[in-house]
Amino acid sequence: MVDDDRSIVEGLALLLEAWGYDVLTALSLSELAQRLPQAPGRPGLVLADHFLPAGGTGAQAVEMVRAHVGGPVPALILTGDTMPERQAEAAAMGCRLLHKPVQIGPLKDMVDALMSGAG
């Protein structure tokens, strides 16, 4: 889970943990780069905000995790940007996209589908 808003990271991490998932969090791409090597096991999903600090993007977070594991990892990009380009960018990378504010039901459905390989 990568987002520059600490309250979103903490809230979503609690939610994902309550759903039975282990969560590694980061507030930036640089923090993700530091924390990834310490991750226990292979990441099963990347959940990232589209806009990250220092001009970073959720797509870059996805690429970083995929490079770290050396293969595909399902990904979900969260954004408040409703421009059609965001959907096209996510689709081009094989990512799903949800617009903020994210509703809990659709988020759980998408996370469960992606984690089960059905997404």
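Before reading further, recall that the structure is shown in the block above.
Residues numbered from 1 in each chain as written. Predicted model: local features only at pLDDT ≥ 70, side-chain atom pairs only at ≥ 80, totals over all residues. Heavy atoms only, no water.

Concerning the overall build of the protein
Next up, step 1: The number of helices and strands found in the protein is five helices and three strands.
Next up, step 2: Over its C-alpha atoms, taken along the principal directions, the protein stretches across nearly 35 × 30 × 30 Å.
Next up, step 3: Taking all 119 residues of the protein together, 39% fall into the buried category.
Next up, step 4: Long-range contacts, defined as pairs at least 24 residues apart, comprise 57% of the intrachain contacts of the protein with a sequence gap of at least 6.
Next up, step 5: Working note: accessible area of the protein is about 6200 Å², and carbon and sulfur atoms make up 56% of it.
Next up, step 6: Distance between charge centroids for the protein: 5 Å, based on 8 positive and 14 negative side chains. (Helix = DSSP H or I, 4+ residues; strand = E, 2+ residues; numbered from the N terminus. Buried < 20%, exposed > 50% of the residue type's maximum accessible area, 1.4 Å probe, protein only. Contact = heavy atoms within 4.5 Å. Areas by Shrake-Rupley, 256 points an atom, 1.4 Å probe, with all protein chains shown as cover. Lys, Arg positive; Asp, Glu negative; His and termini not counted. Charge placed at Lys NZ, Arg CZ, Asp CG, Glu CD.)

Remarks on unusual backbone geometry
Next up, step 1: Omega for the bond connecting lysine 100 with proline 101 falls within 30 degrees of zero, at 0°, which places this linkage in the cis form.
Next up, step 2: Within the element layout of this structure, proline 101 appears in the loop between strand S3 (96-99) and helix H5 (104-116).

Remarks on the pairing of strand S1 (residues 46-49)
Taken residue by residue, a regular strand's side chains alternate between the two faces of the sheet.
Next up, step 1: Along S1, one buried face is formed by Val46 and Ala48 and the opposite face, lined by Leu47 and Asp49, is buried too.
Next up, step 2: Both S1 and strand S2 (residues 75-79) contribute to a ladder of four bridges, which runs parallel. Bridge pairing links valine 46 to alanine 75 in S2.
Next up, step 3: After leaving S1, the chain enters helix H3 (residues 58-69) and then returns to the sheet as S2, a path that is right-handed. (Pairing = 2+ DSSP bridges. Right-handed = clockwise from strand over helix to strand, strands pointing away.)

Remarks on the sheet that holds S1
Next up, step 1: Strand order in the open sheet made by the three strands is S1-S2-S3, with parallel pairing throughout. Two strands bound the open sheet, and with one partner strand each, they are S1 and S3. When the angles between neighbouring strand axes are averaged without regard to direction, this sheet yields 20°.
Next up, step 2: Sheet topology places S2 next to S3; four bridges connect them, and they run parallel. Paired with isoleucine 77 across the two strands is leucine 97, which belongs to S3.
Next up, step 3: Running over the sheet, H3 touches S1 and S2 and is turned about 155° from S1. (Axes fitted to C-alpha atoms, helices over the stretch in contact; angles between N-to-C directions.)

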